[in-house]
Amino acid sequence: MVVNTCGFIDAAVEESLGAIGEALAKNGKVVVTGCLGAKQDFIKGIHPSVLAVTGPHDTPAVMDAVHAHLPKPHDPYTDLVPSIGVKLTPKHYAYLKISEGCNHRCSFCIIPSMRGDLVSRPVGEVMSEAENLAKSGVKELLVISQDTSAYGVDVKYRTGFWNGRPLKTKMTDLCKALGELGIWVRLHYVYPYPHVDEVIPLMAEGKILPYLDVPFQHASPRILKLMKRPASAEKVLERLRAWRAICPDITVRSTFIAGFPGETEAEFSELLSFLEEAQLDRVGCFAYSPVEGAAANDLPGALPEAVKEERRGRFMELQAKISAEKLKSKIGKTLKIIVDEAGLGRSTADAPEIDGVVHFEGGESSAKPGEFANVLIDRADAHDLFGRLQ
């Protein structure tokens with residue numbers, strides 16, 4: 001039952017409190033909203049058993065609370081879509097989209113013009129989907145959006161509800177809740193905002209995977225400014241050191257653009273120096289390509305295709321050496337993997353389709369897709385690991 005309240009005058013307050021009491025006595029499950037809802041502690045002090053308290057004009061929060069405590073049951077005879085939704089991925093992993101759109105205006109990107117500003121999904125809805133996926137047999141969730149770090153900014157980190165308990169619409173709080181599901185949780189498209197530091201301890205504690213996908217894009221301050229991107233190379237290197245100090249096993253993945261309009265050879269060399277020092281685990285690089293409608297197309301200094309491709313090639317050649325050395329250090333170790341198919345799986349450092357894989361031999365019949373297994377690594381190349389099932 002939802003009780004709308006008024007808190008402008010004392011008589012209205014008393015009347016509202018009385019209505020809440022009557023609703024509790026009659027129904028037992030009450031959500032309070034309206035003007036008096038701004039005084040959450042006051043209401044909770046008098047009626048501690050109310051399920052939720054929301055402020056005035058906050059219909060989304062009211063609906064979040066209602067759906068959290070009274071979810072619509074799935075009817076297999078009338079519902080065309082199953083309770084876990086329609087999955088296009090294998091049964092054992094799924095993508096969990098937490099928001100749509102983006103508040104940034106990166107000069108090489110047209111996503112905001114296509115999808116608008118950031119719109120975060122209600123946290124209760126996200127968690128219910130994640131929980132249903134876990135119950136259906138999903139062993140790995142890949143959290144995605146256009147800007148995962150900004151989750152909840154548009155609703156000022158509004159408190160929602162999951163399984164009857166309050167939960168902030170914020171990346172850190174979402175990660176803590178997802179960590180309770182007992183499955184792998186992998187974060188993608190994470191802008192390096194300061195509060196990203198808060199999820200690193202969760203990785204160290206094994207709550208979520210020690211994996212962070214952060215699109216740095218470049219290292220030159222001037223190019224980053226032209227791209228309208230946040231952060232700087234110096235701060236990034238400092239953050240990387242701090243993250244690795246807290247969680248030594250963390251895998252950092254990133255993407256970069258080579259040959260951005262106006263990029264000089266010196267600025268590209270600056271990017272290579274950054275890559276050498278950063279020692280990132282997984283990296284992708286794209287030669288700049290003008291996308292119709294992108295502001296960067298109007299920048300002076302467009303580079304010839306041959307130059308862009310040559311720089312991309314040099315970048316990836318350096319990264320291949322870095323990757324080979326990092327993977328070589330895993331030889332002799334036993335890694336936990338999730339099996340994708342016979343003889344092929346992924347470690348915590350490997351997202352599906354974009355990172356490397358772990359090839360294994362022996363006992364394939366006992367390691368079925370979707371199951372976890374332990375593999376002793378005895379060989380590595382620039383991208384993949386090879387070993388034997390234990």
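Residues numbered from 1 in each chain as written. Predicted model: local features only at pLDDT ≥ 70, side-chain atom pairs only at ≥ 80, totals over all residues. Heavy atoms only, no water.

### A word on the overall build of the protein chain
Thinking step 1. Helix and strand counts for the protein chain come out as eleven helices and 18 strands.
Thinking step 2. Out of the 390 residues in the protein chain, the part that is buried amounts to 48%.
Thinking step 3. Put simply, of all contacts in the protein chain between residues at least 6 apart along the chain, 69% involve residues at least 24 apart.
Thinking step 4. Entry remark: accessible area of the protein chain is about 18,800 Å², with carbon and sulfur atoms responsible for 56%. (Helix = DSSP H or I, 4+ residues; strand = E, 2+ residues; numbered from the N terminus. Buried < 20%, exposed > 50% of the residue type's maximum accessible area, 1.4 Å probe, protein only. Contact = heavy atoms within 4.5 Å. Areas by Shrake-Rupley, 256 points an atom, 1.4 Å probe, with all protein chains shown as cover.)

### Topic: the packing of aromatic side chains
Thinking step 1. Counting across every chain of the model gives eight aromatic pairs.
Thinking step 2. Feature note: the residues Phe-216, Phe-256, Phe-274 and Phe-315 constitute an aromatic cluster, connected by ring pairs.
Thinking step 3. Between Lys-170 and the ring centre of Tyr-157, over which it is positioned, the NZ or CZ distance is 5.2 Å.
Thinking step 4. Seen from the ring of Tyr-211, Arg-186 lies directly overhead, with NZ or CZ sitting 4.5 Å from the centre. (Phe/Tyr/Trp six-rings, centres within 6.5 Å; stacked < 30°, edge-to-face > 60°. Lys NZ or Arg CZ within 6 Å of the ring centre and 35° of its normal.)

### Focus on the nonpolar core
Thinking step 1. Counting residues in hydrophobic clusters, the biggest one holds 68 residues, and the most contacted among them are Leu-141, Leu-178 and Leu-212.
Thinking step 2. Sorting elements by how many residues they give to this core places helix H10 (residues 265-278) first, with six residues.
Thinking step 3. Non-local contacts of Leu-141, meaning those with residues more than four positions away in its chain, are made with Ala-94, Leu-96, Ala-130, Leu-133, Leu-178, Leu-181, Ile-183, Trp-184, Val-185 and Arg-186.
Thinking step 4. Ranked by size, the runner-up nonpolar core spans twelve residues in total, among them Phe-360, Ala-373, Leu-385 and Leu-389. (Core = buried A, V, L, I, M, F, W, Y, C linked by side-chain atoms within 4.5 Å.)

### Considering the pairing of strand S9 (residues 165-168)
Thinking step 1. With four bridges joining them, strand S8 (residues 159-162) and S9 adopt antiparallel strand pairing. Bridging across to S9, Gly-160 finds its partner in Leu-167.
Thinking step 2. Two successive antiparallel strands, S8 and S9, enclose a turn made up of two residues, where Asn-163 displays a positive phi of approximately 55°. (Pairing = 2+ DSSP bridges.)

### Describing the packing of helix H5 (residues 123-135) against helix H6 (residues 171-178)
Thinking step 1. One can describe the packing of H5 onto H6 by two numbers: an axis separation of 11 Å at closest approach and a directional angle of 25°. Classified by the interaxial angle, the pair formed by H5 and H6 is roughly parallel. As for the relative orientation of H5 and H6, their crossing is right-handed in sense. Of the residues in H6, those in contact with Val-123, Val-126, Met-127 and Ala-130 of H5 are Leu-174, Ala-177 and Leu-178. (Axes fitted to C-alpha atoms, helices over the stretch in contact; angles between N-to-C directions. Parallel < 35°, antiparallel > 145°, perpendicular 65-115°, else oblique. Left-handed = near helix turned anticlockwise from the far one by under 90°.)

### Looking at the sheet that holds strand S17 (residues 372-380)
Thinking step 1. Strand order in the closed barrel made by the five strands is S14-S15-S16-S18-S17, with mixed pairing throughout. Within this sheet the neighbouring strands show an average axis-to-axis angle of 50°, counted without direction.
Thinking step 2. Both S17 and strand S18 (residues 385-389) contribute to a ladder of five bridges, which runs antiparallel. Across the sheet, Ile-377 pairs through a bridge with Gly-387, a residue of S18.

### Here we look at the environment of Ile-337
Thinking step 1. Looking at the element boundaries, Ile-337 is found in strand S14 (residues 334-341).
Thinking step 2. Separated by 34 residues in the primary sequence, Ile-337 and Glu-371 place their C-alpha atoms 8.4 Å from one another.
Thinking step 3. Each residue touching Ile-337, except ones within four places of it in the same chain, is listed here: Trp-184, Gly-345, Arg-346, Ser-347, Val-358, Phe-360, Glu-371, Phe-372, Ala-373 and Val-375.

### Looking at the confidence of the model for the protein chain
Thinking step 1. Put simply, the protein chain has an average pLDDT of 87, and 86% of its residues get 70 or more.
Thinking step 2. The model gives residues 7-11 a pLDDT under 50, and that stretch makes four contacts with residues more than four places away or in other chains.
Thinking step 3. Counting interchain partners and residues more than four positions distant, the pLDDT-below-50 stretch residues 74-84 has eleven contacts. (pLDDT = per-residue confidence, 0-100.)

### Observations concerning the packing of H10 against helix H11 (residues 305-328)
Thinking step 1. Relative to each other, H10 and H11 sit at 15°, their axes nearing to 10 Å. What the angle tells us is that H10 and H11 run roughly parallel. Along this stretch, H10 crosses H11, giving a crossing that reads as right-handed. Residue-level inspection shows Glu-265, Phe-268, Leu-271, Leu-272, Leu-275 and Glu-276 of H10 in contact with H11, the latter providing Arg-311, Arg-314, Phe-315, Leu-318, Gln-319 and Ile-322.

### Considering the pattern of salt bridges
Between side chains of opposite charge, a pair can form as their charged atoms come close.
Thinking step 1. Tallying each qualifying case throughout the model produces 22 salt bridges.
Thinking step 2. Residue Arg-282 is joined to Asp-350 by a salt bridge in which the shortest nitrogen-to-oxygen separation is 2.4 Å. Of the two residues, Arg-282 sits in strand S13 (residues 282-287) while Asp-350 sits in the loop between strand S15 (344-346) and strand S16 (358-361), which places them 68 residues apart along the sequence.
Thinking step 3. With relative accessibility at 2%, the residue Asp-350 sits in the buried group.
Thinking step 4. One network of salt bridges, in which partners are shared, links Glu-263, Glu-265, Glu-310, Arg-311 and Arg-314. (Salt bridge = Lys/Arg side-chain N within 4 Å of Asp/Glu carboxyl O.)

### Comments concerning H10
Thinking step 1. With 14 residues, H10 extends 20 Å between its outermost C-alpha atoms, agreeing within 8% with the 20 Å of an ideal straight helix rising 1.5 Å per residue.
Thinking step 2. Residues of H10 that are buried: Glu-267, Phe-268, Leu-271, Leu-272, Phe-274, Leu-275 and Ala-278. Angular distribution of buried residues about the axis of H10 spans 155°; they occupy a single face of the element. Facing away from the buried side of H10 by over 90 degrees, the exposed positions are Ala-266 and Glu-277.
Thinking step 3. Of the residues trailing H10, Gln-279 is marked for its positive phi of about 50°. (Expected span 1.5 Å × (residues − 1). Arc of directions from axis to C-beta.)

### Quick word on the environment of Gly-387
Thinking step 1. Tracing the backbone through its elements, the reader meets Gly-387 in strand S18.
Thinking step 2. The exposure class of Gly-387 is buried, given its relative accessible area of 5%.
Thinking step 3. Expressed as a C-alpha distance, the spacing of Gly-387 and Gly-343, which sit 44 residues apart in the sequence, is 9.7 Å.
Thinking step 4. Beyond its immediate chain neighbours, meaning those up to four positions away, Gly-387 contacts His-359, Phe-360, Glu-361, Val-375, Leu-376, Ile-377 and Asp-378.

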